[in-house]
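# Remarks on the overall topology
One-letter residues, chain by chain:
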Amino acid sequence: MRSSLQPPSRLRWLALACCGVVAFASLAGVARNVLWGADQAQTATSGKEQLAALQYLVGGWRGVGQIARGSTRGAWTEKADWAWSFGKNGSALIGKLAEGRYFQELRLIPGKKVGEFELIGITADDQELKYAGSTDEEGRLVLVASEPKDELPQRVTIRSTANGDRLLVLYERQSASGTWQRLGEVGSTRIGSGFGQGSSQKECVVTGGLGTMAVTFEGKTYYVCCTGCKELFDADPAQVLADYRERKEAEKAQREAEEKGTK
């Protein structure tokens, strides 16, 4: 005689089947979440290998911009901070430009083909201009605007020198005849690199690089690293030296803080 507390065989198998379905669904959900997380991570870092060729950009930079070589007219100082970004749309190299002449931010992402790159320039009033290009035989990254705007550069050329301690960014526009005309070029030294410093430790009062050219102000001798810095110094030595002293005080405070942190 079958016990009244024991469910019929058909019901028992149905219950076991339902439990199996639930368990399978749970396992499938876990696997899906794991795979989704992996996909998200892969998406975030996609393009990283391609952008690694531009690793030299990463870091802080201090530079001088000149509209025309050999002239201080319209010259400006500029700071840049380049860093990696890993977001839902993939990898990017983002440069934040302090007091940039044309852009406040530059974003570099992989192009549609291997070896190609895209640049998005963002102005102070949040306008965006897109460029595309690749590295030429001389190692320069040359990017041309896809939809040029008259008031903004139509071509941007980026190159690294001095084993990665110097960065040159050239801005140009195209004339009606098709030739490229210089709008300005920013020559920057990597902050903290000690670029070119020899035993004399003469420091450029403008960029912090190796001071190779002597300049004077109020009877004292200082050093700059290039003709552009010399012209900027000659135009307003008091301001250049004020900025230099402020920078050195900040560097000293940072060193002291780091020394305290290691004790």
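Summary of the structure given here. Because the structure is a prediction, the values reported are computed rather than measured. (Residues numbered from 1 in each chain as written. Predicted model: local features only at pLDDT ≥ 70, side-chain atom pairs only at ≥ 80, totals over all residues. Heavy atoms only, no water.)

## Considerations on the overall build of the protein chain
Counting secondary structure elements, the protein chain contains four helices and twelve strands. Sorting the 263 residues of the protein chain into buried and exposed places 35% on the buried side. Pairs at least 24 apart in sequence give 37% of the contacts found in the protein chain among residues at least 6 apart. Entry remark: accessible area of the protein chain is about 16,200 Å², with carbon and sulfur atoms responsible for 53%. (Helix = DSSP H or I, 4+ residues; strand = E, 2+ residues; numbered from the N terminus. Buried < 20%, exposed > 50% of the residue type's maximum accessible area, 1.4 Å probe, protein only. Contact = heavy atoms within 4.5 Å. Areas by Shrake-Rupley, 256 points an atom, 1.4 Å probe, with all protein chains shown as cover.)

## Brief notes about the nonpolar core
Grouped together as the largest cluster of nonpolar side chains are 29 residues, with contacts concentrated most on Leu54, Leu57, Leu108, Ile158 and Tyr171. Ignoring sequence-local partners within four residues, the contact set of Leu57 consists of Trp82, Leu93, Leu108, Ile158 and Leu167. Counting 14 residues, the second largest nonpolar core, distinct from the first, contains Val64, Val215, Leu232 and Leu241. (Core = buried A, V, L, I, M, F, W, Y, C linked by side-chain atoms within 4.5 Å.)

## Comments concerning the packing of aromatic side chains
Considering all chains together, one arrives at five aromatic pairs under this definition. Seen in terms of ring centroids, Phe103 and Tyr171 are 6.4 Å apart; in terms of plane orientation they differ by 50°. Their pairing is tilted. Taken together, the positions of Phe103 in the loop between strand S3 (90-98) and strand S4 (105-110) and Tyr171 in strand S9 (residues 166-174) put the pair 68 residues apart, joining distant regions of the chain. For the pair shown, Phe103 and Tyr171 are each scored as buried. With 6.2 Å between their ring centres and 45° between their planes, Tyr222 and Phe233 make a pair best called tilted. Residue Tyr222 is found in strand S12 (residues 220-224), and its partner Phe233 is found in helix H3 (residues 227-235); the two are separated by eleven residues along the sequence. We classify Phe233 as buried; its relative accessible area is 1%. The rings of Tyr102, Phe103, Tyr131 and Tyr171 are connected pair by pair, giving a single aromatic cluster. (Phe/Tyr/Trp six-rings, centres within 6.5 Å; stacked < 30°, edge-to-face > 60°.)

## A short note on unusual backbone geometry
Although it is not a glycine, Asn163 sits at a positive phi angle of roughly 55°. Mapped onto the elements of the fold, Asn163 is located in the loop between strand S8 (155-161) and S9. Judged by relative accessible area, which is 83%, Asn163 ranks as exposed. Positive phi values are uncommon outside glycine, yet Glu218 reaches one of about 50°. With respect to the helices and strands, the residue Glu218 is situated in the loop between strand S11 (213-217) and S12.

## Let's talk about the sheet that holds strand S1 (residues 59-66)
Strands pair in a sheet through their backbones, by hydrogen bonds, and they do so in one of two ways: parallel or antiparallel. Reading around the barrel, the ten strands line up as S1-S2-S3-S4-S5-S6-S7-S8-S9-S10 and close back on themselves, with antiparallel pairing between neighbours. Pairs of neighbouring strands in the sheet enclose a mean axial angle of 25°, with direction left out of account. Where S1 meets strand S2 (residues 76-87), seven bridges bridge the pair, whose relative direction is antiparallel. Bridge pairing links Gly59 to Trp82 in S2. Sitting on the sheet, H3 is in contact with S1 and S2, with an inclination near 70° to S1. (Pairing = 2+ DSSP bridges. Axes fitted to C-alpha atoms, helices over the stretch in contact; angles between N-to-C directions.)

In short, geometric facts, not functional conclusions.
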